[in-house]
Amino acid sequence: MVTKGEYHSGLENVSGMESSMAAAAAPGDIIIGGIFAFHEGVDRSNQSFKPQVQPCTRLEEKGLPRALAMINAIEVINKSPLMSDVNITLGYRILDTCFDVSTALRATAALTQQADQEDGPRPVMAVIGSSSSELSIVIARQLTLKMIPQISFSASAVILSDKSRFPAFMRTIPNDQHQTAAMVSLLSAYSWTWVGIIITDGDYGRSALDHFLTHASEKGICVAFKHTLPDSVTYQDVSSAITVAAKTILKTPKARVIVSFTRSAHMTYLYKELQTQTEGHNMASARRVWVASDNWSTSSAAIGQLSLDDIGHIVGFTFKRGDLTSFNEYLSRLEAAKEDYTATNPFLKDFYEHLNYTKGSADTEQGSTAVNILRKYMNPGTVFSTEMAVSAIARAVASICRSRDCKTPGSVQPWQVLEALWMEEFTLRGKSYKFDRNGDINQGYDVIMWSQNESHIHVHDVVAEYHLHNNSFTHTDHSSTKTFKGLQGIISKCSTSCVPGEFKKTAEGQHTCCYECMNCTENYYSNDTDMDQCLSCNMNTEWSAEGSSTCIPKVLVFFSWQDSFAVVLLTFSTLGILLTLLVSALFLHQCDTPVVRAAGGPLSQVILFSLVVSYVSAMLFVGQPNSFQCKARQVLYGISFTLCVSCILVKTLKILLAFQFDPALQEFLRRLFQPFVIISICVALQVATCICWLILKSPSDHITINSTTLLSACDEGSYLAFGVMLGYIAVLAFVCFICAFKGRKLPQQYNDSRFITFSMLLYLISWLLFIPVYVTTTGVYLPAVEMVVILISNYGILSCHFFPKCYIILWKKEQNTETAFINGLREYSNTNSVPQSKDSELHEQSSPSAHSVPTANPSSPAVLTHGGNTTSSTQLQRRSATLHCLRRRISI
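Residues numbered from 1 in each chain as written. Predicted model: local features only at pLDDT ≥ 70, side-chain atom pairs only at ≥ 80, totals over all residues. Heavy atoms only, no water.

What the protein chain contains, in helices and strands, is 27 helices and 32 strands. The buried share of the protein chain, reckoned over its 892 residues, is 51%. Across the protein chain, the fraction of contacts at a sequence separation of at least 24, relative to all contacts at a separation of at least 6, is 69%. Of the roughly 40,600 Å² that the protein chain leaves accessible, carbon and sulfur atoms contribute 56%. (Helix = DSSP H or I, 4+ residues; strand = E, 2+ residues; numbered from the N terminus. Buried < 20%, exposed > 50% of the residue type's maximum accessible area, 1.4 Å probe, protein only. Contact = heavy atoms within 4.5 Å. Areas by Shrake-Rupley, 256 points an atom, 1.4 Å probe, with all protein chains shown as cover.)

Structure (structure tokens):
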């Protein structure tokens, strides 16, 4: 905490003046001057030809936080290794300008005259201030006489970057040329081309207007009106100009955006006048988007007693801000030790007295209330800029004092500090900074948008950052993007300005920004504002809709892996492969069981393998086609599914021969029945078809030019060959269907014919539906049509042929035994070999062995009797033979 002993007297006499100027000061080896505006003006009621110091009036709440930021920064620097290494300390001497040129000159003279007094306090080596460009220009001219470096934390007039006129002036912010460019970029981003502008009369306002008009004309933005207000903040001086400005705003309703380079007090007067002129009417007519300069963008007092609902939106530009932890801690110490600080800082004492007078609060409440008010009027960007100024001076002084004893008065001259400021790079909170050739530090801007929560106005919410190097904005977070979107519905145009995509049809006698706009026709475009005619697109590779601002490259589209429908189909393909492999593993593990042997044994593995290949071929229908993919997908499916259907055909014929043919022909047909020969012939015919297809007119990738896209798809080459391949599979499937249908009445354990019938019927129906859909479908999803049919076919075979067997193997193990199968065969042989009446049954005598077949005993009678019904020995022998034949045919 700073103690009383660290300060000189709160008042220092200025030589030659009748009265004294208040100053906050602290001793040090190197003194830094501070020039701040703690008041808004001076009392000019006592006019006299005699030179006199006019008293300051109207406390300016924003000035005190800036001065306290400087004091805190110096205290922090004095405790840093940078100062301890050279064994020096920094002091300060802070004076008030009262926002008045004459008072600012007196304050500057006070600082420079003390430098000429040998027996007086140490001279000022550098000056920080002022906040106003008008005052900074005046102060800079005076300080240049002795080349005392001046660093401003908020004076942004472009003229101050002219080093031929202000060689000792520097600043830790960018100049207004960048701020006006940022404002124009914001206007352009929202297509606000018809705007008003209000400035103050002075170098700051006129310079801002000139640069704004230059940038605006480059972006095609027109100024509907411009008003200049007196620089004074006394209402009597500005009332007439405020009234005219308010009338102009209300008479120009199409100009919904107003740019303001004024002070906070001016905006307060203007808003109040707008309220007065709309009294008795809806004040919504006064609602605008107010683009605020750094001069008042963080002053919540600007709107007075009004709310944002009354005046509209306020979007402001502020200087970049930094970490305020140190300054907030300083304010907390100030709150805890108010007496120590006010005794040595007359400006802080005036602030507390003003607060006590206006609020009437008790002393015990003053400290907390005062600090809250200081935080309210604290500008984070200005605080950070002030800290940067102190850090720059400290770094420059440290570089000088490394080679000399700076404790000796006169060992350091201001011009040497100025030279070091130009040469040295300084660091603040881990980031390095350096003044450019204009004496500026160009960090960019923070963009704030005022918001209102009930009765509280938030003015420090940063919604975006502006980057000088590329003239662009970056939103700080998602919520700020949403906040900015609230401005998109606001239109500020004279007449619908010709945006890119339109061409200009100028009307005589109107403003240059007021004309009729016509849309460019299809496949024509205009890529600039207010073009006289539209340009043509390259029809082969580009397109444009009506009213387009550019030719859009035709997008290459195909059935991509990212397509949601493709993902679903790929998921089913992958699932099918996984299920097929699991079934194959289960059948290999249970290869010796009756169910697996009845399902075809090794033949079932061939079917499963062909299904895996078929699923893989389906995956080739997804992705950007290439020549190999186009050829492989059809050939793989054609051959693999032919192999699958051929195996099913062999399986169907085998079961049909075992159960349906006359026993006299069974032996002859069994010799002709060669499964692998049949399969090989069937597959070979399909392979031959595919080879001919690939050689004569093979599928290839092809790009179709559409109106807006380039469709990458496979051209099947010969649709005749494509049809022959699918037709051949359909013929095999139809033969399987006929044979399976004939053998549908089989034992329960051998009901594959029913499933084969259903699977082949499902295949035939799906592919019959495929034909009209495939012929009528065009575009990206054409490959998906065939892919869907392939998956239906595969899942039909997998579900009908293998899932029932898996169910028996896993959950009906009692049916997967030879005994169960023999009993089923006996029942079938009884039904098909010997007719029975409704009320009689045949009781056979069977041996305990599951493999034995009952035979007639030669010594037994030739006829068995049961309830009056008789069965001959010959019938029993025929039944036994049939059972034996069935067991052999089905390989049990």
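Back to the text.
Further remarks concern the environment of E522. The topology assignment puts E522 in the loop between β23 (516-519) and β24 (524-525). Looking at E522, the relative accessible area reads 57%, which means it is exposed. In this structure the C-alpha to C-alpha distance between E522 and G547, which are 25 residues apart in sequence, comes to 7.4 Å. When sequence neighbours within four positions are dropped, the list of residues in contact with E522 reads S544, A545 and E546.

Further remarks concern the sheet that holds strand β30 (residues 709-715). Across the sheet, 3 strands lie side by side as β28-β30-β29; this open sheet has mixed pairing. Only two strands of the sheet have a single neighbouring strand rather than two, namely β28 (555-557) and β29 (700-705). Mean inter-strand twist for the sheet, computed between neighbouring axes without regard to direction, equals 30 degrees. Of the pairings in the sheet, the one linking β28 to β30 comprises 3 bridges and is parallel in character. In the sheet register, L556 faces β30, and the bridge partner there is L710. (Pairing = 2+ DSSP bridges. Axes fitted to C-alpha atoms, helices over the stretch in contact; angles between N-to-C directions.)

If you walk through the whole model with that rule in mind, you get 10 salt bridges. K320 is the partner of E465 in a salt bridge, and the nearest nitrogen-oxygen pair spans 3.4 Å. Of this pair, E465 sits in strand β20 (residues 462-467) while K320 is found in the loop between β14 (312-319) and α10 (325-336), placing the two residues 145 residues apart along the sequence. Put simply, K320, R321, D446 and E465 are held in one network by salt bridges that share partners. (Salt bridge = Lys/Arg side-chain N within 4 Å of Asp/Glu carboxyl O.)

Next up on the list: the packing of helix α22 (residues 675-697) against helix α23 (residues 719-742). Direction vectors running N to C along α22 and α23 enclose 170 degrees, while the axes themselves pass 9 Å from each other. In terms of axis orientation, α22 runs roughly antiparallel to α23. Touching I681, C682, L685, Q686, T689, C690 and W693 of α22 are A721, F722, V724, M725, Y728, I729 and L732, all from α23. Residues of the contact of α22 with α23, tallied by class, amount to 12 nonpolar, 2 polar and no charged. (Parallel < 35°, antiparallel > 145°, perpendicular 65-115°, else oblique. Nonpolar A, V, L, I, M, F, W, Y, C, P; charged D, E, K, R; others polar.)

The end-to-end C-alpha separation of helix α8 (residues 264-277) is 20 Å, in line with the 20 Å expected for 14 residues at 1.5 Å each. The complete set of buried residues in α8 reads S264, A265, H266, M267, Y269, L270, Y271, E273 and L274. (Expected span 1.5 Å × (residues − 1).)

Regions with low pLDDT should not have their predicted coordinates read in detail. In the predicted model, the protein chain carries a mean pLDDT of 80, and the fraction of residues at 70 or more is 79%. A low-confidence stretch, residues 888-892 (pLDDT under 50), is modelled with 18 contacts involving residues beyond four sequence positions or located in other chains. (pLDDT = per-residue confidence, 0-100.)

In a regular helix each residue adds 1.5 Å, so 23 residues correspond to 33 Å; α22 covers 33 Å between its end C-alpha atoms and thus fits that length. Those residues of α22 lying buried are I679, C682, V683, Q686, T689, C690 and W693.

A cis amide bond, omega -5 degrees, links G129 with the succeeding residue S130. Checked against the element boundaries, S130 lands in the loop between β7 (124-128) and α4 (133-144). If you check the backbone angles, M147 has positive phi at about 50 degrees while not being a glycine. Mapping M147 onto the fold places it in the loop between α4 and β8 (150-152). According to the relative accessible area criterion, M147 is partly exposed, its value standing at 27%.

Judged by nonpolar contacts, the single largest core of 67 residues is most densely connected at L68, M70, I94, I128 and L421. Top contributing element to this core by residue count: helix α14 (residues 380-401), with 13 residues. Membership of the second largest hydrophobic core comes to 66 residues, among which are V612, Y774, I797 and L798. (Core = buried A, V, L, I, M, F, W, Y, C linked by side-chain atoms within 4.5 Å.)

The UniProt entry lists residues 565-588, 600-623, 635-656, 676-696, 719-743, 755-775 and 781-803 under the feature "transmembrane region" (unreviewed entry), expressed in the numbering used here. Helix makes up 100% of residues 755-775 and strand 0%. Its end C-alpha atoms lie 30 Å apart. (UniProt positions renumbered as here; feature names shortened; annotations may be inferred.)

A word on the state of the cysteines. Per the counting criterion, the structure on display carries 5 disulfides. Linked covalently through their sulfurs, C56 and C98 form a disulfide whose S-S length is 1.6 Å. Residues C56 and C98 are joined by a disulfide whose S-S torsion is about 70 degrees; by sign, that bridge is right-handed. Taken together, the residues span a long stretch of sequence, with C56 in strand β5 (residues 56-59) and C98 in the loop between β6 (90-96) and α3 (101-114) at a distance of 42 residues. The class for C98 is buried, based on a relative accessible area of 1%. Bridging C537 to C551, the disulfide has an S-S length of 1.8 Å. Looking down the S-S bond of the C537 and C551 bridge, the torsion is -95 degrees, so its handedness is left-handed. Remark: C551 occurs in the loop between β26 (542-543) and β27 (552-553) and C537 occurs in the loop between β25 (535-536) and β26; sequence separation between them is 14 residues. Left unpaired, C690 is separated from the closest cysteine sulfur, that of C692, by 9.3 Å. (Disulfide = S-S within 2.5 Å.)

This part covers the sheet that holds strand β21 (residues 472-475). Spatial strand order, β11-β10-β12-β13-β14-β17-β20-β21: 8 strands in an open sheet with mixed pairing. Looking at which strands have only one partner, the edges of the open sheet turn out to be β11 (222-229) and β21. Direction aside, neighbouring strands of the sheet carry axes that sit 20 degrees apart on average. Of the pairings in the sheet, the one linking strand β10 (residues 194-200) to β11 comprises 7 bridges and is parallel in character. Its bridge partner lying in β11, W194 is registered against C222. Each of β10, β11 and β12 (257-261) touches helix α6 (residues 203-218); the most contacted strand, β10, lies at about 160 degrees to it. With respect to the sheet, helix α7 (residues 235-251) is in contact with β10, β11, β12 and β13 (288-292), its orientation differing from that of β11 by roughly 165 degrees.

Here we take up the side chain of Q629. Position of Q629 relative to the elements: it lies in helix α20 (residues 627-659). The class of Q629 is buried, set by a relative accessible area of 10%. Within polar-contact distance, the side chain of Q629 engages the backbone oxygen of L620 at 2.3 Å. When near neighbours in sequence (up to four residues on either side) are disregarded, Q629 contacts L620, F621, V622, G623 and Q624. (Polar contact = N/O pair within 3.5 Å; in protein donor to acceptor, adjacent residues only side chain to side chain.)

Turning to a nonpolar patch on the surface, a few remarks are in order. On the surface, F565, V568, F572, L575, L578, L582 and Y781 cluster together into a nonpolar patch covering about 620 Å² of accessible area. Relative to the helices and strands, F572 resides in helix α17 (residues 564-589). (Patch = residues over 30% accessible without salt bridge, like charges linked within 9 Å, V, L, I, M, F, W, Y side chains within 5 Å.)

Take K62: it is sitting in the loop between β5 and α1 (63-78). For K62, a relative accessible area of 13% translates into the label buried. Within polar-contact distance, the side chain of K62 engages the backbone oxygen of N295 at 3.4 Å. Among residues more than four places away in sequence, those in contact with K62 are S264, N295, S299 and Y377.

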